[in-house]
Amino acid sequence: MTNDEHDRPDAHPEAPWWWGIGPVGAVLLIVVGIVGTLWVFVWSDAMDDTTAGYQAGKVIAIGLVLLGTAVLERFRSRRPRAAEAEDGRDS
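Residues numbered from 1 in each chain as written. Predicted model: local features only at pLDDT ≥ 70, side-chain atom pairs only at ≥ 80, totals over all residues. Heavy atoms only, no water.

**Q** Explain the overall build of the protein chain to me, using residue names and the numbers behind them.
**A** On a plain count of helices and strands, the protein chain comes out with two helices and zero strands. A total of 91 residues make up the protein chain; the buried ones form 13% of that total. Taking the intrachain contacts of the protein chain between residues at least 6 apart in sequence as the baseline, contacts between residues at least 24 apart amount to 61%. Here the protein chain displays about 7700 Å² of accessible surface, and carbon together with sulfur accounts for 60% of that area. (Helix = DSSP H or I, 4+ residues; strand = E, 2+ residues; numbered from the N terminus. Buried < 20%, exposed > 50% of the residue type's maximum accessible area, 1.4 Å probe, protein only. Contact = heavy atoms within 4.5 Å. Areas by Shrake-Rupley, 256 points an atom, 1.4 Å probe, with all protein chains shown as cover.)

**Q** Would you mind going over helix α1 (residues 22–43) in detail, with residue names and values included?
**A** Because the α-helix completes a turn every 3.6 residues, residues three or four places apart line up on one side. Taking 1.5 Å of rise per residue, 22 residues should cover 32 Å, and α1 covers 30 Å from first to last C-alpha, within 8% of that figure. Residues G25, A26, L29, I30, G33 and V40 constitute the buried set of α1. Viewed end-on, α1 has its buried residues packed into an arc of 145°, placing them on one side of the element. What points out from α1, more than 90 degrees from its buried face, is the exposed set V24, L28, V32, V42 and W43. (Expected span 1.5 Å × (residues − 1). Arc of directions from axis to C-beta.)

**Q** Talk me through the environment of G53; I want residue IDs and the actual numbers.
**A** Looking at the element boundaries, G53 is found in helix α2 (residues 50–87). Relative accessible area serves as the criterion here: at 11%, G53 is assigned to the buried category. In the structure, G53 is positioned 19 residues away from I34 in sequence and 9.8 Å away in space, judged by C-alpha atoms.

**Q** So what's going on with the environment of V40? Residues and values would help.
**A** Mapped onto the elements, V40 comes out in helix α1. C-alpha separation for the pair V40 and T50, spaced ten residues apart in sequence, amounts to 8.2 Å. For V40, the residues in contact, after removing those within four places along its chain, are D49, A52 and G53.

**Q** Which residues make up a nonpolar patch on the surface, and what values do they have?
**A** A contiguous nonpolar surface patch, about 680 Å² in accessible area, is contributed by I34, L38, W39, F41, V42 and W43. I34 gets classed as partly exposed once you look at its relative accessible area, which sits at 41%. (Patch = residues over 30% accessible without salt bridge, like charges linked within 9 Å, V, L, I, M, F, W, Y side chains within 5 Å. Salt bridge = Lys/Arg side-chain N within 4 Å of Asp/Glu carboxyl O.)

**Q** Give me the environment of A61: which residues, what numbers.
**A** Positionally, A61 belongs in helix α2. Expressed as a C-alpha distance, the spacing of A61 and I30, which sit 31 residues apart in the sequence, is 7.7 Å.

Now the structure itself:
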């Protein structure tokens, strides 16, 4: 088995809670963060609830980073296959 940089091991005992949720999970995090932010700043009665808004912003940021990483990984994996198809090589 080769040690490729695109291979991700299945088990990460010290991984954060958001590790490996994929692009669908990233979109869900973004949606939950936006709903949380709207709830804090529009519908909440507490005017001094800035920590909840900060936490919702962190959830949005994590979702955006995960989504961007998933998209970049997908584009990187497509590039070598496109180059091989132009050369006429089959995998």
